[in-house]
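Here's the letter readout for the chains.
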Amino acid sequence: MTTRRVLAATAALTLAAPLAACGSDEGGPPVLNFYNSPVQNMQSVVDRCNTEAAGKYQISYQVLPRTADDQRVQMVRRLAAKDDSMDILGMDVTWTQEFASANWIRELTGDLKSEVESRTLQPAVASAQYNGKLYAAPNNTNVQLLWYRKDLVPTPPKTWAEMIQMSQQLKAEGKPYQVMTMGAQYEGLVVFFNSLVASAGGHVVDDAGKKAVMDQGTVTALQTMKTFATAGVTSPSFSNAIEDDVRRAFQDGGGAFELNWPYVWASMQEDAPDLAAKVGWARYPAIDANTPSQTTIGGSEQAVSAYSKHPDLAFEAIKCLRGPESQLYLAVNSGQAPSIESVYDDPSMAKAYPMKETLLEELKTSAPRPRTPAYQNVSTVVAAELSPPSAIDPQQTAETLKSSIQDAIDSKGVLP
């Protein structure tokens, strides 16, 4: 969840930079270069898949930089140069529209398409589609949950208004009270906004991804953000906080509530076990008590480069890399929530994901980010317009956002 500011056109200008050598398949089985973010224990998955391939191909794990900005720019550079050394691409869920519209990735067909569509959580499948076609296989998925101190709040709040009220009451009693979440000018702020928009039944762009909408649901979301940011329940660093800042602050006992991804649970278990014993989880707060919340889906996907010399083998390798056994292994050992629903039924998931029922409940109704090939542009302008959240003027901000988002979709103007 890092800021994504580098546009494909800008990235393409950096082609003069040297492209790293990626191995050769001369004199042995074809080498499939798998470009993916740094994931703990991913090499173990690659090793097992290579063993199962029995010499038919050899997957080589090419570790991308740590931040999503740098991952994307490296891929864009190579794809713009039609680099045929790229085979399998590990992508953020927000890149599919852009990469597919640029004809940089191949459509999934046949058995792999059937397997993905029949076994994968449907919101994750939707994130991998473009113009009604499937272009990627979801590997892991994610949504944010509400984490709360059971010793301070016996019953978790169901709405934002209720959570703010509880926080203010704890503050009046001199107890830890803060609601901690991400408010810095980056992708995390866009996710926050998008979850509120979805919860309010609003839309930022139309279904075709070509027109800014910003309807009444969006105004309601902006009002909720404004109320939250000015209610005296956030930390002083709220407008500069990213995921790990929030995780550490809550883990240090500074708050009563945390809105963050499930990875924080494993961190608490290891670094603050006494606090973890006091922490519960619940569904992300709703705006309306009568309408369940919808949260923004995250995660990663695997696609085959349009320039791969071995596309059929690359699709075959994906079946193993993102298959149930691989997803279970990474869920238990690396904290990656599976996209294949049946994996949650495995007994080993109960310990690794005690919150799995709440997680699955949210995942099944999760919302995508604005589905447009220009998402990186849209994300940049939305983050800029909403920062800091305390300065939001709901109606005026909605009007400004509509204009800025349309310009971003149309690639007009200079992005912040």
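Criteria and cut-off values
Residues numbered from 1 in each chain as written. Predicted model: local features only at pLDDT ≥ 70, side-chain atom pairs only at ≥ 80, totals over all residues. Heavy atoms only, no water. Pairing = 2+ DSSP bridges. Helix = DSSP H or I, 4+ residues; strand = E, 2+ residues; numbered from the N terminus. Axes fitted to C-alpha atoms, helices over the stretch in contact; angles between N-to-C directions. Phe/Tyr/Trp six-rings, centres within 6.5 Å; stacked < 30°, edge-to-face > 60°. Buried < 20%, exposed > 50% of the residue type's maximum accessible area, 1.4 Å probe, protein only. 1 Å grid on protein atoms, 1.4 Å probe; cavity = no way out; pocket = protein on both sides within 12 Å on 5 of 7 lines; lining within 4 Å. Points joined across faces, edges and corners; volume = space filled by probe spheres on them. Nonpolar A, V, L, I, M, F, W, Y, C, P; charged D, E, K, R; others polar. Contact = heavy atoms within 4.5 Å.

## Here we look at the sheet that holds strand S11 (residues 298-304)
Then comes step 1: Strand order across the open sheet formed by 5 strands is S2-S1-S3-S11-S6, with mixed pairing between neighbours. Looking along the sheet, the strands with just one partner apiece sit at the ends: strand S2 (58-63) and strand S6 (137-142). If you compare each strand with its neighbour and ignore which way they point, the axes differ by 20° on average.
Then comes step 2: As judged from the 5 bridges shared by S6 and S11, these two strands associate in the antiparallel manner.

## Here's the deal with the packing of aromatic side chains
Then comes step 1: Inspection of every chain in the model, using the stated rule, returns 12 aromatic pairs.
Then comes step 2: Taken together, a centroid distance of 6.4 Å and an interplanar angle of 65° make the contact between Trp-147 and Trp-281 edge-to-face. Linking Trp-147 in strand S7 (residues 145-149) with Trp-281 in strand S10 (residues 279-282), this pair joins segments that are 134 residues apart in sequence.
Then comes step 3: A residue is classified by how much of its surface remains accessible, and Trp-281, at 25% relative accessible area, is partly exposed.

## What about empty space enclosed by the protein?
Then comes step 1: This model, assessed by the stated rule, comprises 3 cavities of 30 Å³ or more.
Then comes step 2: Lining the largest cavity are Val-93, Thr-94, Gln-97, Ser-127, Ile-297, Pro-368, Arg-369, Pro-370, Arg-371, Thr-372 and Tyr-375.
Then comes step 3: Residues belonging to the lining of the largest cavity are distributed by class as follows: 5 nonpolar, 4 polar and 2 charged.
Then comes step 4: Roughly 50 Å³ of internal volume is contained in the second largest cavity.
Then comes step 5: Taken together, Val-190, Phe-193, Asn-194, Val-204, Pro-370, Tyr-375, Val-378 and Val-382 make up the lining of the second largest cavity.
Then comes step 6: For the lining of the second largest cavity, the secondary-structure elements that each account for two or more residues are helix H8 (187-199) and helix H17 (375-385).
Then comes step 7: Of the residues that constitute the lining of the second largest cavity, the class distribution is 7 nonpolar, 1 polar and no charged.

## Notes on the side chain of Asn-139
Then comes step 1: Of note, Asn-139 is situated in strand S6.
Then comes step 2: Looking at Asn-139, the relative accessible area reads 3%, which means it is buried.
Then comes step 3: Residues in contact with Asn-139, not counting those within four places in the same chain, are Met-42, Ser-300, Glu-301, Gln-302, Leu-321, Arg-322, Gln-327, Gln-336 and Ser-339.

## As for the sheet that holds strand S9 (residues 255-260)
In sheet architecture, strand pairing relies on hydrogen bonds along the backbone and comes in two forms, parallel and antiparallel.
Then comes step 1: Sheet architecture is open: 4 strands sit in the order S8-S9-S7-S10, paired in mixed fashion. A strand with exactly one partner marks an edge of an open sheet, and here the two such strands are strand S8 (178-180) and S10. Taking each pair of neighbouring strands and ignoring which way they run, the sheet shows an average axis angle of 20°.
Then comes step 2: Examined bridge by bridge, S8 and S9 share 3 bridges and lie parallel to one another. Residue pairing in the sheet places Gln-178 in a bridge with Gly-255 of S9.

## Some details on the pairing of S11
Then comes step 1: Counting buried residues in S11 gives 7 out of 7 residues, a clear majority hidden from the surface.
Then comes step 2: Where burial is concerned, the two faces of S11 agree: the one with Gly-298, Ser-300, Gln-302 and Val-304 and the one with Gly-299, Glu-301 and Ala-303 are both buried.
Then comes step 3: Across 5 bridges, strand S3 (residues 88-92) lies against S11 in antiparallel orientation. Each bridged residue has a counterpart across the sheet, and for Met-91 the counterpart in S11 is Glu-301.

## Description of the environment of Thr-224
Then comes step 1: Tracing the backbone through its elements, the reader meets Thr-224 in helix H9 (residues 216-229).
Then comes step 2: Along the primary structure Thr-224 and Pro-394 are separated by 170 residues, whereas in three dimensions their C-alpha atoms are 8.9 Å apart.
Then comes step 3: Setting aside its immediate chain neighbours within four residues, Thr-224 contacts Trp-160, Leu-196 and Ile-287.

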